[in-house]
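# An overview of the molecular structure
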Amino acid sequence: MAIKFEDVVKLAEQLNADQQNLLIYRLRVKQMRGRHLQTTPVAAQPSFDNDREQLLAEAARLRQQPVHAESSLFGSYANLNLPDMTAEEFHAQMHSITTEWEQELDEFSDDQL
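All figures in this text were calculated on a predicted structure; none of them were measured in a lab.

The secondary structure content of the protein amounts to four helices and zero strands. Listed by position from the N terminus, the elements making up the protein come as α-α-α-α. For the protein, buried positions account for 3% of its 113 residues. Carbon and sulfur atoms form 58% of the exposed surface of the protein, whose accessible area is close to 11100 Å².

Pasting the structure below:
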């Protein structure tokens, strides 16, 4: 029985976002394997599933380790010479910066036309 592309799309649309992402990931891996198989001799082909499992195991191991205070980046990039500002001042400054940035982008876009 031949499956139509439109049927596959309709079924994929019924998946939740996580399942759709997993489907996309698996299809991309399959494409990468296909390209890799075409360009790599059989003896040199890596095991993608094995590499993925090793990375997941390493991530799980790191998550189980306690966080040490000396390994924290908290405050590492703080500039102590900056004056204190209220949340309102901060938001006003951010708004000013983004407005200026948007105007520069508009000018750049207008110049390119």
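So, on to a nonpolar patch on the surface. Side chains of Met85, Phe90, Met94 and Ile97 sit close together on the surface and give an oily, nonpolar patch of about 360 Å² of accessible area. Relative to the elements of secondary structure, Met94 occurs in helix α4 (residues 87–112).

Right, let's get into the pattern of salt bridges. If you walk through the whole model with that rule in mind, you get two salt bridges. Taking the shortest distance from any N to any O, the salt bridge between Arg61 and Glu58 comes out at 2.6 Å. Taken together, the positions of Arg61 and Glu58, both in helix α3 (residues 48–64) and three residues apart, correspond to about one turn of that helix.

This part is about the confidence of the model for the protein. Do not read the fine detail of predicted coordinates wherever pLDDT is low. For the protein, per-residue confidence averages 80 on the pLDDT scale, and 83% of positions sit at 70 or higher. No element of the protein has a lower mean pLDDT than helix α2 (residues 17–39), at 80, and none a higher one than helix α1 (residues 5–13), at 91.

Turning our eyes to something else, we now look at a negative patch on the surface. There is a patch of like negative charges on the surface, built from Glu100, Glu102, Glu104, Asp106 and Glu107. Turning to its location among the elements, Glu100 is positioned in helix α4. Judged by relative accessible area, which is 45%, Glu100 ranks as partly exposed.

Conventions we followed
- Residues numbered from 1 in each chain as written.
- Predicted model: local features only at pLDDT ≥ 70, side-chain atom pairs only at ≥ 80, totals over all residues.
- Heavy atoms only, no water.
- Helix = DSSP H or I, 4+ residues; strand = E, 2+ residues; numbered from the N terminus.
- Buried < 20%, exposed > 50% of the residue type's maximum accessible area, 1.4 Å probe, protein only.
- Areas by Shrake-Rupley, 256 points an atom, 1.4 Å probe, with all protein chains shown as cover.
- Patch = residues over 30% accessible without salt bridge, like charges linked within 9 Å, V, L, I, M, F, W, Y side chains within 5 Å.
- Salt bridge = Lys/Arg side-chain N within 4 Å of Asp/Glu carboxyl O.
- pLDDT = per-residue confidence, 0-100.
- Lys, Arg positive; Asp, Glu negative; His and termini not counted.
- Charge placed at Lys NZ, Arg CZ, Asp CG, Glu CD.

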